[in-house]
Amino acid sequence: MENRFGFKDLVTLVLLVVVIAMVYLSMVQFDRQWDDIKALNNNITTLTNNQSQMRSQIDKLSEKLDKGVAIVQPNGTHTATTDGNPTPTASIPNNGLHGLYEARTEPDFAEGDTVVDAFGTQIKSVTALTYKDLYGRRIQSFVIESLAVQDDDTLEFLPLIAESWKIDDHSKDYDAYLAKKKPELEAKVDADATLLDPIRKGMLDELTKTGQKPPEPGSDDDKALTADAREKWIDQQVRDDPERPSALVVTFKLRKDVRFSDGVPLTAHDVQFSWELMNNPLLNAPETRNFYDNVESYKALDDYTVEFRFREPNFLAFDMAAGFGILPKHFYEKFSIEDINSKPGLLMGSGRYRMPDPESWAPGKLMKLVRNENYWGPKPGPAALIWLEIEEDVSRMASFKNGQIDYFAATSEQFDELKKDEKITSRYTPFNYLPVPTGYSFVAWNVTREGKPTIFADKRVRQAMTYLIDRQRIAKEVMLGYASPTSGPFDDKSRQADPDIKPREYDPKKALELLKQVGWKPGADGVLRNAKGEPFAFTLTYPSGSDTYERIMLMLKDSFNRAGILMTQDPQQWSIFIERVDGRAFDACALAWGGGSIEGDIRQMFHSSQIANGANNFTSYINPELDKLIDEARRTIDEDKRMKLWQACHRILYEDQPYTFLLRRQSTTFIDKRFHNVKRVTTGLNDRSEWYVPAGQQLRGE
Amino acid sequence: MANYIIRRLILLVPTLLGMTFVVFMIMALSPGGIGGSLLNDLGELDSQQSRAIRQYYENRYGINQPVIVQYVKWLNLVSPVGFRSQRDETGKPHYTSFGFKWPDLGESMAKHRPVSTMIAEALPITLLLNLITTPIVYILAILMGIYAARYRGKMLDVGLSTSMLALWSLPTIMIAVLLIGFLANRDNLHWFPPGGFNSVEAHTMAFLPHRTEAGFERGWLLDRGWHLVLPVLCMLYGSFAWLMKLMRSSLLENLSADFVRTARAKGLSDNRVLWGHAFRNSLLPLITVLAGVLPGLLAGSVVIEKIFSLPGMGNLAIEAINARDREVVLATTLISGLLSLLCILVADLLYTLADPRVSYE
Amino acid sequence: MTRLALQPAPPRLTYLQMVLRDTLRGVGPRVGLAWLVVLTFLAVFAPFLANSYPYAVRTTDGSLSFPLFRYLRPVDVALPVMTLLALLAWRLFGRVPARWRLLVWVLASSAVCAACFLTIKPPLRQTYDRYREQVKQGEVIWAITTPIPYSPSDRLSELRFLAPSASPWRLMGTEGNGADVFSRMVHASRIAMAIGLIATSIALVIGVIVGGLMGYFSGIVDLIGMRLVEIFAAVPTFFLLLILVAVMPPEWNPYKLYVMMVIIGITGWVGYARFVRAEFLRLREQDFVTSARACGLPLSSILFRHMLPNGMAPVLVEASFGVAGAILAESTLSFLGLGLVDQPSWGQMLSESISGTGSFKWWMAFFPGMAIFLTVFAYNLVGESLRDAIDPHTRKVAAL
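Residues numbered from 1 in each chain as written. Chains lettered and ligands numbered in written order. Predicted model: local features only at pLDDT ≥ 70, side-chain atom pairs only at ≥ 80, totals over all residues. Heavy atoms only, no water.

Looking at the overall build of chain B
Next up, step 1: Along its length, chain B carries 11 helices and four strands.
Next up, step 2: Looking at chain B residue by residue over its 361 residues, the buried ones come to 53%.
Next up, step 3: Of the accessible surface of chain B, which amounts to about 15,900 Å², a share of 66% is contributed by carbon and sulfur atoms. (Helix = DSSP H or I, 4+ residues; strand = E, 2+ residues; numbered from the N terminus. Buried < 20%, exposed > 50% of the residue type's maximum accessible area, 1.4 Å probe, protein only. Areas by Shrake-Rupley, 256 points an atom, 1.4 Å probe, with all protein chains shown as cover.)

What to know about the interface of chain B and chain C
Next up, step 1: Taken together, the contacts link 48 residues of chain B with 44 residues of chain C.
Next up, step 2: Both sides together, the interface formed by chain B and chain C hides about 3,900 Å², and carbon and sulfur atoms give 81% of it.
Next up, step 3: Here K245 of chain B ties to E384 of chain C by a salt bridge, and the two come within 2.6 Å at their closest N and O atoms.
Next up, step 4: Residue assignment for the side of chain B that touches chain C shows that the elements contributing at least two residues are helix 1 (2–29), helix 5 (155–169), helix 6 (172–183), helix 7 (219–255), helix 9 (270–307), helix 10 (313–323) and helix 11 (326–354) of chain B.
Next up, step 5: Looking at side-chain class alone, the side of chain B that touches chain C contains 30 nonpolar, 13 polar and five charged residues. (Contact = heavy atoms within 4.5 Å. Buried area = accessible area lost by both parts, 1.4 Å probe. Salt bridge = Lys/Arg side-chain N within 4 Å of Asp/Glu carboxyl O. Nonpolar A, V, L, I, M, F, W, Y, C, P; charged D, E, K, R; others polar.)

Comments concerning helix 4 (residues 171–191) of chain A
All names here are of chain A.
Next up, step 1: Given a rise of 1.5 Å per residue, 21 residues ought to cover 30 Å, and the 30 Å separating the end C-alpha atoms of helix 4 matches this to within 8%.
Next up, step 2: Those residues of helix 4 not exposed but buried are S171, Y174, Y177, L178, K181, L185 and V189.
Next up, step 3: Its buried side turned inward, helix 4 meets strand 4 (162–169) and helix 6 (220–240). (Expected span 1.5 Å × (residues − 1).)

Topic: a nonpolar patch on the surface
Residue and element names in this part refer to chain C.
Next up, step 1: Nonpolar side chains collect at one region of the surface, where V205, I209, L213, F217, I220, V221, L223 and I224 lie side by side and expose about 720 Å² of accessible area between them.
Next up, step 2: Within the secondary structure, L213 is located in helix 9 (residues 181–217).
Next up, step 3: Judged by its relative accessible area of 35%, L213 is partly exposed. (Patch = residues over 30% accessible without salt bridge, like charges linked within 9 Å, V, L, I, M, F, W, Y side chains within 5 Å.)

Structural notes on unusual backbone geometry
Next up, step 1: Look at the link from V436 of chain A to P437 of chain A: it is a cis peptide, with omega at -5 degrees.
Next up, step 2: Topologically, P437 of chain A is positioned in the loop between strand 12 (428–433) and strand 13 (440–445).
Next up, step 3: The backbone of S620 of chain A shows a phi angle near 60 degrees, a positive value even though the residue is not glycine.
Next up, step 4: As for its position among the elements, S620 of chain A is in the loop between helix 20 (603–606) and helix 21 (624–635).
Next up, step 5: What makes S620 of chain A buried here is its relative accessible area of 11%.
Next up, step 6: A positive phi is found at F161 of chain C, a non-glycine position, where the angle reads about 45 degrees.
Next up, step 7: Residue F161 of chain C is classed as buried on the basis of its relative accessible area of 19%.

Here we look at the confidence of the model for chain B
All names here are of chain B.
Next up, step 1: With 86% of its residues at a pLDDT of at least 70, chain B reaches an overall mean of 79.
Next up, step 2: For chain B, per-element mean pLDDT is lowest for helix 2 (residues 47–61), which scores 66, and highest for helix 6, which scores 88.
Next up, step 3: Here residues 40–45 is a poorly scored stretch, pLDDT under 50, and it has 18 contacts once near neighbours within four places are set aside; other chains count. (pLDDT = per-residue confidence, 0-100.)

Here's the deal with the environment of R473 of chain A
All names here are of chain A.
Next up, step 1: Looking at the element boundaries, R473 is found in helix 16 (residues 471–477).
Next up, step 2: Since its relative accessible area comes to 30%, R473 is described here as partly exposed.
Next up, step 3: C-alpha separation for the pair R473 and V115, spaced 358 residues apart in sequence, amounts to 36 Å.

Re the packing of aromatic side chains
Residues and elements named next belong to chain A.
Next up, step 1: This model, assessed by the stated rule, comprises 62 aromatic pairs over all chains.
Next up, step 2: Ring centres of W445 and F456 lie 4.8 Å apart, and the angle between their planes is 40 degrees; on these two criteria the pair is classed as tilted. Residue W445 is found in strand 13, and its partner F456 is found in the loop between strand 15 (452–453) and helix 15 (459–468); the two are separated by 11 residues along the sequence.
Next up, step 3: You can call F456 buried: its relative accessible area is 1%.
Next up, step 4: For the pair F536 and F538, a centre-to-centre distance of 6.4 Å together with 70 degrees between the ring planes defines the contact as edge-to-face.
Next up, step 5: Members of the aromatic cluster, connected to one another through ring pairs, are F157, W165, F252, W275, Y292, Y298, F308, F318 and F324.
Next up, step 6: A cation sits over an aromatic face here: R504 above Y654, 4.2 Å from the ring centre. (Phe/Tyr/Trp six-rings, centres within 6.5 Å; stacked < 30°, edge-to-face > 60°. Lys NZ or Arg CZ within 6 Å of the ring centre and 35° of its normal.)

Here we look at the confidence of the model for chain C
Residue and element names in this part refer to chain C.
Next up, step 1: With 92% of its residues at a pLDDT of at least 70, chain C reaches an overall mean of 83.
Next up, step 2: Here helix 1 (residues 2–6) stands out as the least confident element of chain C, with mean pLDDT 46; helix 4 (residues 46–49) is the most confident, with 92.
Next up, step 3: For the stretch residues 1–7, pLDDT sits under 50, and the model shows six contacts to residues farther than four places along the chain or on other chains.
Next up, step 4: Note on residues 394–400: pLDDT is under 50 here. Beyond four places in sequence and across chains, it has 16 contacts.
Next up, step 5: The ipTM assigned to the predicted complex is 0.83, against a pTM of 0.81.

Observations regarding helix 3 (residues 134–143) of chain A
Residue and element names in this part refer to chain A.
Next up, step 1: Among the residues of helix 3, G136, I139, Q140, F142 and V143 are the ones counted as buried. Buried residues of helix 3, viewed axially, fall in a sector of 160 degrees; they line one side.
Next up, step 2: Tucked into the core, helix 3 has its buried residues touching strand 1 (114–119), strand 8 (353–354), strand 9 (367–371) and strand 10 (384–389). (Arc of directions from axis to C-beta.)

A few points about the side chain of S331 of chain C
Next up, step 1: Its location among the elements puts S331 of chain C in helix 15 (residues 299–335).
Next up, step 2: Residue S331 of chain C is classed as buried on the basis of its relative accessible area of 1%.
Next up, step 3: Reaching out from S331 of chain C, the side chain makes a polar contact with the backbone oxygen of L328 of chain C at a distance of 2.9 Å.
Next up, step 4: With residues near it in sequence (within four places) discarded, S331 of chain C still touches I173 of chain B together with G347 and I372 of chain C. (Polar contact = N/O pair within 3.5 Å; in protein donor to acceptor, adjacent residues only side chain to side chain.)

Focus on the pairing of strand 9 of chain A
Residues and elements named next belong to chain A.
Next up, step 1: Judged by how many residues are buried, strand 9 sits mostly within the fold: four of five residues are covered.
Next up, step 2: Inspection of the sheet shows strand 8 paired to strand 9 by two bridges, in the antiparallel sense. Among the inter-strand pairings, R354 is bridged to a residue of strand 9, identified as V370.
Next up, step 3: Inspection of the sheet shows strand 9 paired to strand 10 by four bridges, in the antiparallel sense. Bridging from a neighbouring strand, V370 pairs with A384 of strand 10. (Pairing = 2+ DSSP bridges.)

Some details on the nonpolar core
Next up, step 1: Counting residues in each nonpolar core, the largest one holds 166 residues, and the members touching the most others are I119 and F308 of chain B together with I243 and W346 of chain C.
Next up, step 2: Those residues in contact with W346 of chain C that lie beyond four places of it in its chain are L39, M185, A188, S189, A192, I327, P368, A371, I372 and T375 of chain C.
Next up, step 3: If you look at the next biggest cluster of nonpolar residues, it comprises 77 residues, including I123, F142, M278 and A285 of chain A. (Core = buried A, V, L, I, M, F, W, Y, C linked by side-chain atoms within 4.5 Å.)

Regarding the sheet that holds strand 3 (residues 140–144) of chain C
Next up, step 1: Strand order in the open sheet formed by three strands is 2-1-3 (chain C), with antiparallel pairing between adjacent strands. Among the strands making up the open sheet, the edge pair consists of strand 2 (64–65) and strand 3 of chain C.

Here's the deal with the pairing of strand 13 of chain A
Residues and elements named next belong to chain A.
Next up, step 1: Taking burial as the measure, the six residues of strand 13 include six buried ones, the bulk of the element.
Next up, step 2: Neither face of strand 13 is open: one carries Y440, F442 and A444, the other S441, V443 and W445, and all of them are buried.
Next up, step 3: Bridge count for strand 13 against strand 21 (residues 588–593) is six bridges, and the pairing is antiparallel. Residue pairing in the sheet places Y440 in a bridge with W593 of strand 21.
Next up, step 4: Pairing between strand 13 and strand 22 (residues 659–661): three bridges, direction antiparallel. When the sheet's bridge partners are listed, F442 is paired in strand 22 with F661.

Some points on a negative patch on the surface
Residue and element names in this part refer to chain A.
Next up, step 1: Among the surface-exposed residues, D228, E231, D235 and E312 lie close enough to one another that they form a single negatively charged patch.
Next up, step 2: Here E231 shows up in helix 6.
Next up, step 3: E231 sits in the exposed class, given a relative accessible area of 52%. (Lys, Arg positive; Asp, Glu negative; His and termini not counted. Charge placed at Lys NZ, Arg CZ, Asp CG, Glu CD.)

Put into structure tokens, the structure is as follows:
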């Protein structure tokens, strides 16, 4: 009975627990303070940096002044006033900053206040180049700048870091070289078939790896594989040929006054470093590397000149070089590649905003950008940008209703409900618009499965399926009107789309007629049957997890069912869905393509070269005429000619319906009315750094 | 005693090995295999890109090797004794020397972050939930159990027993949804937040609640407490009902035991008998089931964390399972398994402390 | 047994009957059992209670049709027939030994199932709105409909999230796609009951075999077995369940119902194994086993004829809690979106009750939630009083 656990022990135990809890809480409190102190410290470092730089500049200046130099105001650029901002009277230069200049000329312009946005997910990483999602990309766009930017209204490229550029189009030389070299190579490979062996082996390995059966030697599939290998071999030889002329050379002249947010000037070496870093095979950015594969070389010719060379003529070549984000060499050099791969918060650039601490952000911490006080151009209005991470739709909306969010990207359902709420509309402006580029959703009809044509092989069947889908009703009932039916892969208002083509209307009668022509007739039970008496049945595979998708699929199912077509739903997890699509093991699948670049390239989905090896023409759709048009368009640098070609592509796709193009979804957002200068532009809304809050209306501090 | 503990700790090893092996195999044999979903992390479909990504991952994580090799490599990584490794320029690990090293949980394939940091962020949240819940459950259950046992057989007791069974049967998902629907919804009462761990503006708050010119401000601490009320309530009631029934029956058993009758015969008051003799013995079964309660709460918090979107271990696990993020799934399995096994061990040891008759010598 | 002997004019009750009588003495278990009977009735006769097709329709062109019967699936016919056969076997042939009745019932049911699955071929196409069209056109003279005239997958997308009302006849409202909640509830009960019972049976069989082997052999078998048990006990069951369901091959999707039964079964056997093992370890020291061994009885005989029946009773108690657990597991999985595709489920409906705009659809939370709760509660009530009835210590205390 000595070690009896009595009442006294209980009290001691409870006291102990209380003490431990207190210690824990105080540790938490210290942690919070420590975070603040770190941010403060970082600010001080930047300030000191700045100060020392300014001092050295002043020293230089006074030296010059002592020597007696005349100061001349150069024409066309802005005058530097004491606070580094242009006077309203100066003419606005036509470069990537004109939006900011314009904002600053508004009479009630004021600096200050914060824009609070909310993401529906946790941001995984914002480290330059290795970020993996849209959210990371969004944050980057405020911190990192590129050589030139596409204007959000006119869509033409305007100078930013580069003050000018020169494009040398050598595609004629390239074509001449190709015309000469290709027959030589073809002769060589036809003479010696063993040259193909390593490539063939690689392709066969690829097949076995993805779980497909390698073709029997001598079969048609095998012949096709050899032909592919031959093509690949030739491409490779051309690519590796040191004598091959570059198809395109672009030279950029950089501005001399651009500085990174820590005050260090940006030079051509930073540009070269950024590209080198991206091309480091150790860096976890394989998809980016692959995207920029056409860029042959990037070289700093001197401190403020960079030259880019491209392998093949391609309409997107300039965009690649001009749009690539420039990173500070002195900052990223400090870290090993392993660090850049695994640290989520390494982000610094020359942009309008900067991370409060460019090194230590981690998921779960507040995502906040502060204004770059060192910015080399005119400074933006909002002093800080904040992204809250609220995963649940419901909580996000609750926070919005509590007034915690200034920029709220609502779902169609939320938008519809909130728009009717006067308390909301008195404080927020609702915006709904089709941004450019928008993605589109579609149902893809598989034409070939396991080497045999499917029920969708006939284009009349595909047209009939489109007639059977009531897209207007889906847009109205599921998307509540915040989406519109689409007729093809190009944005309806873009010049790529043929303006005369309108989406097919819902017309079951026409559909049944078309199906009858092919041989599908209703049987006694109302199910469509072919001559052999087999019912018209197929499985629609789609990614699981989205309520909206689920509802659309149910509507499709019901409407096909009414017409006598039996559809089975097959929702699959993304990874398995992709596997199915890559293996072409589906009847039909529903999916959406994301926005991509402003001028869409449709080669990856509809060109017949993209069928083999699990590439993205997963319906195995072939139209030689379209192939030719696509190749032609991609090579054409002249815009007007190219647009004509794209429009021809659009017409073919409309006729063939390899996909039934479903909907383009509108962006539906609410923006706090205290923000002025919020403008609708072609791409959507103007950049939030161009917004401002007049002095009297400012709500949030920094 | 020390011998016993060491023996038990050694027996943990095969169990943990078996556990991770089972999970590893299930993940490896599943369609898409290990890391299947990682190849399309961006949701992009471009096959050339996905091939490039696959190449990268194969080099870095070795997901093209035989499953057993991968498992052994993983074991080498987590074990404190093994080969140290270094990555070459393609990201491929090379093994150098053998010896003691820091156990490493690897790197998340989906988020490219060290798993240990992710666990370090998530585990405290789950533990906090459990550490708040467990003492409350025990205190309430013991008090109510005594109360019920005192009035045994009366209407009150019968009603209490049945309602405890009902409480125990209430599905967590239902209670969570109803609580959110009625107590944290603007259509009804909006007393609590519907989810999350902190308010949006918590980072600007002072630590303790205080009064400002604008009125009362919750402060960081109270804000967090306010967010935890509903989740804790959800975790609480089930184990409470179960423990209360246990307390009641064990107290009843003790009250009818010989030593209590002796004590009564000595003329001790009812209170003395209850608190001095029966109470302590009745606690024994409650201590043993502690081993069952804690892992149960850990597992139960999976659903609760999901519903209330708390970024704890459960949410981490669900996310990882959906992404087939092998390293994270294995790490969460390992840690929750280790925790529950240790709980069982601690409960066994507590048992000897509480009951001198039991010994493991 | 002595207690029985003391009673005046003892009716010859078997142990099972006695336990049953003791179990059903309280009000609670009776109510619980009643709910289970109601639920079984709903599950078995679901298509006859909630169906968009009327029993019979007389139209103006003079024809009389029976759409409901035409659209019945094989399982819809087989289940009621099997239930009727079970009732017959139980009530009418009381004199025949239970073992024979069971055998006859199993044989007859298999025959019925085979016949149903071979002969009944419902139309491939569902035409729910046909009858509604006819009514609208005024072609119907009279029709006999089911009490809930909606099929679970009869979606009218213009009637989303209707609150419960008597007119239109939507007693429990509609869900997000415009299907009737009451109808879905009734049909979901079939899935819940099936998963609960079959998953538990699977767990029981595995548990009894593993536990029995461990308890009988002890020694090295026991040591290995206990590690196996520990492995499964250490991973939180629900976590294992999640992994298994999430990584299930997509080819199994059409059979997901059965796969889920198996998965819930194989994650739930640990408790039974422990129980049986403990019981066997206790029993093997007892006289009757020793004497059976001394008589030179073969191993299997000792194991299954002598030890198993004696160790079974407490395991059955666990099983009735197990059914409750399995139903909970199914509804939680469905709640998390890992359940069956395009099949009604209580858990899935519960998860829809809070929509994306944050408005709370109370009927989507209340009715399915109550169904889960009542079912789980009923099984627990029955299990509890079964335990009290079996356990001689608490028999006196069994006050429920």
